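Residue-level structural notes
Chain by chain, the residues:
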Amino acid sequence: MNSKRNSKLLAAVFLVLAASPAPVMAKGCIKGAIVGGVAGHMVGHGKMGAAAGCVVGHHNANKTQPGASDQPDAPQNR
């Protein structure tokens with residue numbers, strides 16, 4: 001019975017967040033949560049796996065690429 005209540009609560013939270021007008025910075029979180037949830041489910045900790053997967057996926061998506069710079073190239077004066 002508690003599981004059914006948790007599922008309804010999770011669905012309600014998801015719908016509220018999906019309908020929110022503010023932009024959400026969830027880049028990488030969804031894919032990480034899916035992978036983490038499946039892996040966590042295999043060992044009996046699906047929700048913890050999904051949360052950890054979201055954190056790791058978000059972190060990996062925000063890593064800068066080697067050699068990439070936020071600053072524009074300096075003009076060449078000759």
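Everything that follows concerns the structure shown earlier in this document.
A brief structural summary. What you see as residue numbers is a count from 1 along each chain, following the sequence as written. Local features are withheld for residues below a pLDDT of 70 in this predicted model, meaning they are given only at 70 or higher, and side-chain atom pairs are given and counted only at 80 or more; totals for whole chains, interfaces and linings count all residues. Excluded from the side-chain calculation are hydrogens and water; included are all heavy atoms of the structure.

The interhelical angle for the contact between helix 2 (residues 29-42) and helix 3 (residues 46-62), taken along N-to-C directions, is 145 degrees, at an axis separation of 6 Å. Of the two possible hands of crossing, helix 2 and helix 3 adopt the one that is right-handed. Seen from helix 2, the contacting residues are Cys29, Gly32, Ala33, Gly36, Gly37, Gly40 and His41; seen from helix 3, they are Gly46, Gly49, Ala50, Gly53, Cys54, Gly57 and His58. Note on residue classes: Ala, Val, Leu, Ile, Met, Phe, Trp, Tyr, Cys and Pro are nonpolar, Asp, Glu, Lys and Arg are charged, and everything else, Gly too, is polar. Across the contact of helix 2 with helix 3, the residue classes break down as four nonpolar, ten polar and no charged. Angles run from 0 to 180 degrees between N-to-C directions of axes, and those axes are lines fitted to C-alpha atoms, restricted for helices to the stretch in contact. Only DSSP runs of H or I covering at least 4 residues are called helices, and only runs of E covering at least 2 are called strands; the numbering of each starts at the N terminus. Note: crossing handedness is left-handed where the near helix turns anticlockwise from the far helix by less than a right angle, and right-handed where it turns clockwise. Only heavy atoms matter for contacts: two residues are in contact if any of them lie within 4.5 Å across the pair.

Summarising the element assignment, Gly32 is placed in helix 2. Excluding residues that lie within four positions of it along the chain, Gly32 makes contacts with Gly53, Cys54 and Gly57.

Moving on to the state of the cysteines. In what follows, a disulfide is any cysteine sulfur pair within 2.5 Å. Going through the model one piece at a time under the given rule, you end up with one disulfide. Here Cys29 connects covalently by a disulfide to Cys54, the sulfurs 1.8 Å from one another. Taking the sign of the torsion about the S-S bond as the criterion, the disulfide between Cys29 and Cys54, at about -100 degrees, is left-handed. One end of the pair, Cys29, is in helix 2; the other, Cys54, is in helix 3, with 25 residues separating them in the sequence. When accessible area is computed with a 1.4 Å probe and restricted to protein chains, residues below 20% of their type maximum are described as buried, those above 50% as exposed, and intermediate ones as partly exposed. Judged by relative accessible area, Cys29 falls into the buried class, the value being 14%.

Read these as spatial facts, not as claims about activity.
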